[in-house]
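The lines below spell out each chain.
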Amino acid sequence: MLALRLARGTHPLVLVRRLLVAAASAGVGFLLLCALGYAAAHPASAGSVLRLLWCFVPLAATVQFAVAVARTDPSTRPRPGLSSVGLGPVRLSVLAAVSTAISTTLGSMVALLFFLHLRGDLTGMPFDGGAAEFLGAGTPLPLAAALMLLALVPILSATASALALRSRPDAPRDTFGSEELPEPAPAPSGLPWGVALVAAGLAVEAYASRDAAGSAFPLPGRFDATPVAVLAGWTLTAIGLALAGPGVTYLCGRALQAVRPGAVRLLAGRVLMDEARRIGRPLGIVCAVVAAVIAASTLYGGDQRPYGPLTALGAVLVLGCTAATLLTSALEAKQARAHTAEALLRMGAPVSVLRSATALRAAALLVVFAPLTWVIAELAALPLAK
């Protein structure tokens, strides 16, 4: 009840973010139901399991986006006086889990209604049964399995949100709040492991495609013979880039401060080093997703290998959720720097310095991550384009 009351009085932008989470949950739920409908109509097909495995890619992106939205929700931010009324860190994490569960459950319900409507099980609306053959309308849909699949997004998103807010510090770090700049934050330790996982993922993909006989593996909607090892290789590569992202971001901050830095370069570099863990992982995931899109565009999209409708929906969900997660993480970083910016302005720093530092940080990240994304995409597409 408290979560519903807070939702009624929250800022419109916060409501928009929650609606986006609900929309992403609806898209993932629809993909899961499509995989279930295909499995019910083709019980002996090996592609049923592979369709379900592909659905976990947008599922993971949606859960990540839901966690990022929960972290930036003002109602779940620790504030003085909340503990005295019984809203400590544990209660706030439970509140975030409930709010996330409400949004994602709403999306799952919309997905179920839309799926049943397109199958022709529900009538009285336009396009009744418009995709009945495509969604396996001739076969009964297992109700228990459908409800279990639809519950995945709410359960995983709520649990991940509660754990993320449970481990969040009570107050943001104020790195530049004093007249003397403190030591830089310690370097993230995941860069070597990330590089190793990226190399392992590319190696697994190359090994799995060596017997492809000159044909690349098909994508969802057309993929009865998709090699599981190729999907595993892409997953390892994505995890590796997510682990390496904070380390690469930290190194960008160190590079900005090299060779007699001025005030703008020093400020930009210190902020990147301090926020490497917060924005580095979403940057690495965006890098992995864009690399996958570039690699897929070199193999598909023409008349001979067109994209299927489920592939398009999954790609939109993954791209949209990862981009929205990055923007939401940037907003969280801006909120954490609010006291820092105020302190700098009180010390007489001009607003142009803060804006120049922001632009310099964005340019440095673009210069480093854009070539990295292109290299990973070319290496990923090379063994599949034989």
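Here the structure is shown first, and the text comes after it.
Every value quoted in this text rests on a predicted model; they were computed, and no experiment measured them. (Residues numbered from 1 in each chain as written. Predicted model: local features only at pLDDT ≥ 70, side-chain atom pairs only at ≥ 80, totals over all residues. Heavy atoms only, no water.)

To continue, consider the pattern of salt bridges. Taken as a whole, this structure holds three salt bridges when the rule is applied. Residue E332 is joined to R71 by a salt bridge in which the shortest nitrogen-to-oxygen separation is 2.9 Å. Highlighted residues: E332 in helix 11 (residues 309-336) and R71 in helix 3 (residues 47-71), separated in sequence by 261 residues. By relative accessible area, which is 10% here, E332 ends up buried. Several salt bridges converge on common partners, so that one network encompasses R71, R278 and E332. (Salt bridge = Lys/Arg side-chain N within 4 Å of Asp/Glu carboxyl O. Helix = DSSP H or I, 4+ residues; strand = E, 2+ residues; numbered from the N terminus. Buried < 20%, exposed > 50% of the residue type's maximum accessible area, 1.4 Å probe, protein only.)

Here the focus is the state of the cysteines. This structure, assessed with the given rule, holds zero disulfides. The cysteine C34 is free of any disulfide, with C55 supplying the nearest cysteine sulfur at 7.9 Å. (Disulfide = S-S within 2.5 Å.)

This part is about the environment of S25. Position of S25 among the secondary structure elements: in helix 2 (residues 12-41). Exposure remark for S25: the relative accessible area of 0% places this residue in the buried category. Distance in space between the C-alpha atoms of S25 and L59 is 8.0 Å, their sequence separation being 34 residues. Discounting chain neighbours no more than four positions away, the residues touching S25 are T62, T104, G107, S108 and V153. A distance of 3.4 Å separates the side chain of S25 from the side chain of S108, its partner in a polar contact. (Contact = heavy atoms within 4.5 Å. Polar contact = N/O pair within 3.5 Å; in protein donor to acceptor, adjacent residues only side chain to side chain.)

Glancing now at unusual backbone geometry. Despite not being glycine, V259 shows a phi value in the positive range, around 60°. Along the chain, V259 falls in the loop between helix 8 (228-256) and helix 9 (263-274). According to the relative accessible area criterion, V259 is exposed, its value standing at 71%. A positive phi angle, near 55°, is found at R260, a position not held by glycine. Considering the arrangement of structural elements, one finds R260 in the loop between helix 8 and helix 9. Classification of R260 by relative accessible area gives exposed; the value is 81%.

So, about a nonpolar patch on the surface. A surface patch of nonpolar side chains, about 320 Å² in accessible area, is lined by V49, L53, F56 and V228. In terms of residue count, the dominant contributor to the nonpolar patch is helix 3 (three residues). Relative to the elements of secondary structure, V49 occurs in helix 3. (Patch = residues over 30% accessible without salt bridge, like charges linked within 9 Å, V, L, I, M, F, W, Y side chains within 5 Å. Areas by Shrake-Rupley, 256 points an atom, 1.4 Å probe, with all protein chains shown as cover.)

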